[in-house]
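Take a look at the letters that make up each chain.
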Amino acid sequence: MAKRAAPEVNAGSMADIAFLLLIFFLVTTTIETDSGINRKLPPMEESDEEVIIKQKNIFTVLLNGRDQLLVEDELMELKDLRKAAIEFLDNNGDRSCEYCKGARDSESSDNPDKAIISLKNERETTYKTYIAVQNELVAAYNELRDKRAQSQYGKSFAEMQANYKDVNWPGNKEKLKARIDQIKVDYPQKLSEVQ
Amino acid sequence: MSKFKKKKSGELPAVSTASLPDIVFMLLFFFMVATVMRQNTLKIDNNLPFADQVEKLDKKDLVMYIYAGKPSENYKQFGTEARIQLNDDFANVSDIASFIASERAAKREELVPFLTTALKVDSDANMGLIGDIKQELRKVNALKINYTTKKGSATQN
């Protein structure tokens, strides 16, 4: 009798394994999502009524064509901008805001609701500087909102928003939404851009 | 014993399926290579600036992309000033209105108010161009915008 053939390993299931891998990778691969700073442009139609805003309630930030930062007519470094903005927003000049921890300087903003940050840039300003400044100003608002959320509900604002978006979050969504909106009312983001 | 009978065992040899996985892998690789994510071919430099206070831009179908930046190496004939790119080609500021209109027409009507315009602008572009784009977007009432950035500290800019 001839040599017995070596028993062949059954490779039929290899295809299944390959398919399984393929499906696994198909499911787990997430295409990278973009992220960025969301902004809302002001509508085109202009209201006829002139709104009178007190000078002390406006925090002017000017970026000139050489990327220099001018805050309230004084030169400032980018790293100091966030702190200055927080001081301005949280100032509570008229003492109507009981949760503010600001300096209560009568020369600065009345309360967070009235405080407006006005950002002006020149045509020659580079985009990266503009984004850096936008980022710092948004950070100032976020920091204040975080503090407020932390003291009020024991959670940071970012965490609350993440919970709200999370489908699997077990808590009461409506209540959370109300809380988020309350914080947004406490520190409204009033950032105006001069064209 | 017949003359024609084989001397070895009479069973038919099983068809070897050992090469089946190879075929599957070949298919897998083919599709991996051939699949193109619907992305515009950029004709401009697009080095996004850094920011850390960012929000995610999910719901990809509700986003319109406007690119801007210097023409890249192969398109030097279009100048060195930052330019706008819509879909796959260079465009002027005046083209934005029709671009937004066509994007809106392609979406279901009830989704139109939720459309966001993502501005993917090169770090070195200047704000004059962005100001023009924003003005144009205001004219067509596309007010929700997003400055797309990379994640990182703003001081890296």
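In this report, we go over the structure that sits alongside the text.

Secondary structure assignment for chain A yields five helices and six strands. Computed over the C-alpha atoms, the radius of gyration of chain A is 27 Å, more than 25% above the 16 Å expected from 2.2 N^0.38 for a compact globule of 195 residues. Taken along the three principal axes of its C-alpha coordinates, chain A extends 110 × 45 × 35 Å. Burial status across chain A gives 24% buried among its 195 residues.

Quick look at helix H3 (residues 127-139) of chain B now. Compared with an ideal rise of 1.5 Å per residue, which puts 13 residues at 18 Å, H3(B) spans 18 Å between its outermost C-alpha atoms and is within 8% of the ideal. Residues Met127(B), Leu129(B), Ile130(B), Lys134(B), Glu136(B) and Leu137(B) constitute the buried set of H3(B). Along its buried surface, H3(B) packs onto strand S5 (116-121) and helix H3 (127-153) of chain A together with strand S3 (63-69), helix H2 (96-106), strand S6 (116-121) and strand S7 (144-151) of chain B. Positive backbone phi, at 60°, marks Asn141(B), one or two positions downstream of H3(B).

All right, on to the packing of H3(A) against helix H5 (residues 173-186) of chain A then. To characterise two packed helices, one gives the angle between the axes of the helices and the distance between these axes. Residues and elements named next belong to chain A. Put simply, H3 and H5 touch, their axes get as near as 10 Å, and they point 130° apart. As far as their axial angle goes, H5 and H3 are oblique. Two packed elements cross with a definite hand, and for H3 against H5 that hand is right-handed. Residues Arg145, Arg148, Ala149 and Tyr153 of H3 form the contact with H5, whose own contacting residues are Arg179, Ile183 and Asp186. Tallied by class, residues from the contact of H3 with H5 come to three nonpolar, no polar and four charged.

Now for the packing of H3(A) against helix H4 (residues 157-165) of chain A. All names here are of chain A. Look at H3 against H4: their axes get within 7 Å of each other, and the N-to-C directions meet at 80°. Here H3 is positioned roughly perpendicular relative to H4, judged by the angle of their axes. When H3 is examined against H4, the residues Asn142, Arg145, Asp146 and Ala149 are found in contact with a partner set consisting of Phe157, Ala158 and Met160.

Quick look at the pairing of S7(B) now. Here strand S1 (residues 35-40) of chain A runs beside S7(B); their pairing, made up of six bridges, is antiparallel. When the sheet's bridge partners are listed, Lys40(A) is paired in S7(B) with Lys144(B). Summarising the sheet, strand S1 (residues 50-51) of chain B and S7(B) pair through two bridges and their orientation is parallel. Looking at the pairing, Ala51(B) lines up with Lys151(B) of S7(B). Here S6(B) runs beside S7(B); their pairing, made up of three bridges, is parallel.

Positionally, Asp132(B) belongs in helix H3. Distance from Asp132(B) to Glu55(B), taken between C-alpha atoms, is 24 Å for residues 77 residues apart in sequence.

Here the focus is the nonpolar core. Counting residues in hydrophobic clusters, the biggest one holds 50 residues, and the most contacted among them are Ala85(A), Tyr127(A), Val133(A), Ile66(B), Ala68(B) and Ala125(B). Every residue in contact with Val133(A), bar those within four places of it in the chain, is listed here: Val61(A), Leu63(A), Leu69(A), Leu81(A) and Leu119(A).

What follows covers the sheet that holds strand S2 (residues 58-63) of chain A. Residue and element names in this part refer to chain A. Across the sheet, which stays open at both edges, the five strands sit in the order S4-S3-S2-S5-S6 with mixed pairing between neighbours. Lying at the two open borders of the sheet, with one neighbouring strand each, are strand S4 (74-75) and strand S6 (191-194). The sheet contact formed by S2 and S5 spans six bridges and is parallel. Looking at the pairing, Leu63 lines up with Asn121 of S5. In the packing of helix H2 (residues 78-89) onto the sheet, contacts are made with S2, strand S3 (69-71) and S5, and the angle to S3 comes to roughly 20°.

Rules and cut-offs
Residues numbered from 1 in each chain as written. Chains lettered and ligands numbered in written order. Predicted model: local features only at pLDDT ≥ 70, side-chain atom pairs only at ≥ 80, totals over all residues. Helix = DSSP H or I, 4+ residues; strand = E, 2+ residues; numbered from the N terminus. Rg over C-alpha atoms; globule rule 2.2 N^0.38 Å. Buried ≥ 20, exposed ≤ 12 C-beta atoms within 10 Å, placed from the backbone. Expected span 1.5 Å × (residues − 1). Contact = placed C-beta atoms within 7 Å. Axes fitted to C-alpha atoms, helices over the stretch in contact; angles between N-to-C directions. Parallel < 35°, antiparallel > 145°, perpendicular 65-115°, else oblique. Left-handed = near helix turned anticlockwise from the far one by under 90°. Nonpolar A, V, L, I, M, F, W, Y, C, P; charged D, E, K, R; others polar. Pairing = 2+ DSSP bridges. Core = buried A, V, L, I, M, F, W, Y, C linked by C-beta atoms within 7 Å.

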